[in-house]
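# Observations on the model geometry
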Amino acid sequence: MTPGLRRQLEAVRAELERCPEGLVAHVRRVRAEALDLARIWDVDPVRTELAVWGHDLFRAHSPSAQLRLARETGLPVVAADEASPVLLHGPLAAHVLRERFRVIDEEALAAVRDHTLGAPTMPLLAKIVLLADKVETRKRDRDPALRPIRRLARRDLDLALLCWADWKWVHERERRWLGHPAHWQARLAWVREHHTEAALPPIRPEAALLPASENT
Ligand SMILES: [Fe+2]
Ligand SMILES: [Fe+2]
């Protein structure tokens with residue numbers, strides 16, 4: 001770990017701690033969750049913290065400010081973002097971490113950018129931050145369906161992501177919310193990958209694996 005990374009982390013944390021109290025409390029809960037997952041999956045805790053403290057830097061901005069800033073910084077804005085500008089807060093934060101805080105850790109930047117919608121391929125750090133953000137203690141108290149997803153993240157991050165995407169799908173359909181095409185693309189990729197894994201050649205009956213002499 002470089003001293004530069006530690007300095008970036010402290011600067012980003014100081015910036016986030018200027019946000020409203022409720023948001024700071026959420027980020028502290030995400031930190032606890034993410035550091036636990038980082039330990040299990042052997043990911044550097046300082047890089048994890050950097051992404052965690054950075055992920056919601058623009059979460060408390062108004063929708064009109066999120067939309068304006070995204071346009072000013074040249075981020076792609078699609079109809080789903082215009083309908084729900086809060087979805088831009090991850091990409092906005094990643095942009096500012098790179099430009100203002102000089103973060104060059106591409107995996108930390110991807111973790112910040114994609115923590116709301118996911119992406120077809122994600123580094124380990126991004127999977128950890130997304131899941132920690134979704135299953136932090138307050139959110140799972142509010143919706144107990146998130147608890148098994150949290151447990152699963154300790155065994156299989158990809159399957160936990162897929163289960164979260166299913167949870168999100170149901171959650172959005174029940175409320176008649178429109179999904180975001182970027183999330184749908186990510187979800188399709190995760191489903192494809194899961195099915196490819198599940199379609200490995202079937203395990204042969206145990207007897208067929210024995211040497212011919214014993215197989216009589
Ligand atoms: Fe967020
Ligand atoms: Fe968050």
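Conventions adopted
- Residues numbered from 1 in each chain as written.
- Chains lettered and ligands numbered in written order.
- Predicted model: local features only at pLDDT ≥ 70, side-chain atom pairs only at ≥ 80, totals over all residues.
- Heavy atoms only, no water.
- Helix = DSSP H or I, 4+ residues; strand = E, 2+ residues; numbered from the N terminus.
- Buried < 20%, exposed > 50% of the residue type's maximum accessible area, 1.4 Å probe, protein only.
- Contact = heavy atoms within 4.5 Å.
- Areas by Shrake-Rupley, 256 points an atom, 1.4 Å probe, with all protein chains shown as cover.
- Lys, Arg positive; Asp, Glu negative; His and termini not counted.
- Charge placed at Lys NZ, Arg CZ, Asp CG, Glu CD.
- Donors = N, O, S within 2.8 Å, 3.2 Å for Na, K, Ca; no water.
- Tetrahedral: all angles 85-135°; square planar, octahedral: opposite > 155°, others 65-115°.
- Phe/Tyr/Trp six-rings, centres within 6.5 Å; stacked < 30°, edge-to-face > 60°.
- Lys NZ or Arg CZ within 6 Å of the ring centre and 35° of its normal.
- pLDDT = per-residue confidence, 0-100.

## Remarks on the overall build of the protein chain
In terms of helices and strands, the protein chain carries 13 helices and zero strands. Principal-axis analysis of the C-alpha atoms places the extent of the protein chain at approximately 75 × 45 × 35 Å. Taking all 216 residues of the protein chain together, 44% fall into the buried category. Within the protein chain, residue pairs in contact and separated by at least 24 positions form 60% of the contacts whose partners lie at least 6 positions apart. Of the roughly 12000 Å² of accessible surface on the protein chain, 56% is carried by carbon and sulfur atoms. Taking the average location of the 34 positive side-chain charges in the protein chain and that of its 31 negative ones, the two points are 4 Å from each other.

## Remarks on the coordination of the iron ion (ligand 1)
Every protein donor of the iron ion (ligand 1) is accounted for by D56 (OD), H89 (NE2) and H115 (NE2), and the metal-donor separations fall at 2.1 Å. Expressed as a motif, the donor residue spacing for the iron ion (ligand 1) is D-x32-H-x25-H. A separation of 3.4 Å is found between the iron ion (ligand 1) and the iron ion (ligand 2), which are bridged by D56. A residue pair is termed long-range when its members are at least 10 positions apart, and D56 in the loop between α3 (45–55) and α4 (63–72) and H89 in helix α6 (residues 89–99) qualify at 33 residues. Each of the two residues, D56 as well as H89, counts as buried.

## As for the coordination of the iron ion (ligand 2)
Coordination sphere of the iron ion (ligand 2), protein contribution only: H26 (NE2), H55 (NE2), D56 (OD) and D133 (OD), at 2.1 to 2.2 Å. Given four donor atoms and angles of 85 to 178° at the metal, the environment of the iron ion (ligand 2) is assigned as irregular. Mapping the donors of the iron ion (ligand 2) onto the primary sequence gives the spacing H-x28-H-D-x76-D.

## What about the packing of aromatic side chains?
For the structure on display, the rule yields two aromatic pairs. Where W164 meets W190, the ring centres are 6.4 Å apart and the plane angle is 50°; that geometry is what we call tilted. On the criterion of sequence distance, the pair formed by W164 in helix α11 (residues 157–174) and W190 in helix α12 (residues 181–198) is long-range, its members being 26 residues apart. Both residues of the pair, W164 and W190, belong to the buried class. Consider the rings of W169 and W184, whose centres lie 5.3 Å apart with planes at 65°: the pair is edge-to-face. Of this pair, W169 sits in helix α11 while W184 sits in helix α12, and the two are 15 residues apart along the sequence. Above the plane of the ring of W177 lies R175, whose end atom (NZ or CZ) is 5.8 Å from the centre.

## Points about the environment of P85
Tracing the backbone through its elements, the reader meets P85 in the loop between α5 (79–83) and α6. Relative accessible area serves as the criterion here: at 10%, P85 is assigned to the buried category. Each C-alpha atom, one on P85 and one on S64, is 7.4 Å from the other, the two residues being 21 residues apart in sequence. If we ignore the near neighbours within four places in the chain, the residues touching P85 are P63, Q66 and L67.

## Section: the confidence of the model for the protein chain
The predicted model of the protein chain has a mean per-residue pLDDT of 91, with 91% of residues at 70 or higher. Segment residues 206–216 is flagged for pLDDT under 50; beyond a separation of four residues in sequence, or across chains, it makes four contacts in the model.

## Description of unusual backbone geometry
Of note in this structure, R102 is not a glycine but carries a positive phi near 60°. Mapped onto the secondary structure, R102 falls in the loop between α6 and α7 (106–113). The residue R176 is not glycine, and still its phi comes out positive at about 60°.

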